[in-house]
Amino acid sequence: MPKGMWVYDPQSGGKSIPKSMQPRIRQRILDHAEKHYADRCNRIDVRFRGKFCYIDAYTEPFVPPDYNPELFGGKSREERIAQLREIPTHLCRLRYFGDEENWSMAFYTYSNMKYEPCIFNNGSWHGTPEEALDTSSVYLME
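Residues numbered from 1 in each chain as written. Predicted model: local features only at pLDDT ≥ 70, side-chain atom pairs only at ≥ 80, totals over all residues. Heavy atoms only, no water.

J.: Would you explain the packing of helix H1 (residues 22-37) against helix H3 (residues 129-136) in this entry?
T.: Running from N to C, H1 and H3 point in directions that differ by 45°, and their axes come no closer than 9 Å. Between H1 and H3, the interaxial angle falls into the category oblique. For the pair H1 and H3, the sense of crossing is right-handed. Of the residues in H3, those touching H1 at Ile25, Arg28, Ile29, His32, Ala33 and Tyr37 are Pro129, Glu130, Leu133 and Asp134. Classifying every residue of the contact of H1 with H3 gives 6 nonpolar, 1 polar and 3 charged. (Axes fitted to C-alpha atoms, helices over the stretch in contact; angles between N-to-C directions. Helix = DSSP H or I, 4+ residues; strand = E, 2+ residues; numbered from the N terminus. Parallel < 35°, antiparallel > 145°, perpendicular 65-115°, else oblique. Left-handed = near helix turned anticlockwise from the far one by under 90°. Contact = heavy atoms within 4.5 Å. Nonpolar A, V, L, I, M, F, W, Y, C, P; charged D, E, K, R; others polar.)

The structure is reproduced here in structure tokens:
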């Protein structure tokens, strides 16, 4: 590569997400989740940190009827369900570059326990927050 050539990387850099924009982005994601995924999760959590927006889901856990409390510190089946309801399913991390409609995304991989760069379902490295939720919704399949 010639010296001084700049190469764009959708998985590095970015700009801090303006505080004034955060409520709007959060509401867009929550509205989209309510419309398309309300039957698959109890709630969606959207949080911001610098240039990143994280999306997590909380789902209804499956605890078998023959649950054995002795295996989980004596917790009743109801206590175990309540405990599991508070464990998030990490979906994705969005990276902001200054355009509210074009973010890059990293999918949370449970095999590596970290966020890994990925393309959106639209085939691009960029998409909207709603498209990010759709792409990462594989974890919300029934």
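J.: Any chance you could explain the sheet that holds strand S4 (residues 103-109) here in plain terms?
T.: Backbone hydrogen bonds hold the strands of a sheet together, and the pairing may be parallel or antiparallel. Taken in spatial order, the 5 strands line up as S1-S2-S3-S4-S5 in an open sheet, and their pairing is antiparallel. Single-partner strands in this sheet number two, and they are strand S1 (43-49) and strand S5 (114-118). Direction aside, the axes of adjacent strands within the sheet are offset by 25° on average. In this sheet, S5 lies alongside S4 in antiparallel orientation, the contact comprising 5 bridges. (Pairing = 2+ DSSP bridges.)

J.: Help me out: how do you make sense of the environment of Leu71 in this one?
T.: Locating Leu71 in the fold gives a position in the loop between strand S2 (52-58) and helix H2 (77-85). For Leu71, a relative accessible area of 63% gives the class exposed. In the structure, Leu71 is positioned 58 residues away from Pro129 in sequence and 40 Å away in space, judged by C-alpha atoms. (Buried < 20%, exposed > 50% of the residue type's maximum accessible area, 1.4 Å probe, protein only.)

J.: For this particular structure, what's the right way to read H1?
T.: Residues three or four positions apart in an α-helix share a direction because the helix packs 3.6 residues into each turn. Here H1 is 16 residues long and its end C-alpha atoms lie 21 Å apart, about the 22 Å a rise of 1.5 Å per residue gives. Taken together, the buried positions of H1 are occupied by Gln22, Ile25, Arg28, Ile29, His32, Ala33 and Tyr37. All buried residues of H1 fall inside an arc of 130° around its axis, so they share one side. The exposed set on the far side of H1, more than 90 degrees from its buried face, consists of Glu34 and Lys35. Close packing links the buried residues of H1 with S1, S2, S4 and H3. (Expected span 1.5 Å × (residues − 1). Arc of directions from axis to C-beta.)

J.: How should unusual backbone geometry be read in this particular structure?
T.: Keep in mind that most residues, glycine aside, have a negative phi and that most peptide bonds are trans. Unlike most non-glycine residues, Met113 shows phi in positive territory, near 60°. Summarising the element assignment, Met113 is placed in the loop between S4 and S5.

J.: Got a minute to help me understand H3 in this structure?
T.: For H3, the buried fraction is high: 6 of the 8 residues fall into the buried class. Looking only at H3, the buried set comprises Pro129, Glu130, Ala132, Leu133, Thr135 and Ser136. Close packing links the buried residues of H3 with H1, S1, S2, strand S3 (89-96) and S4.

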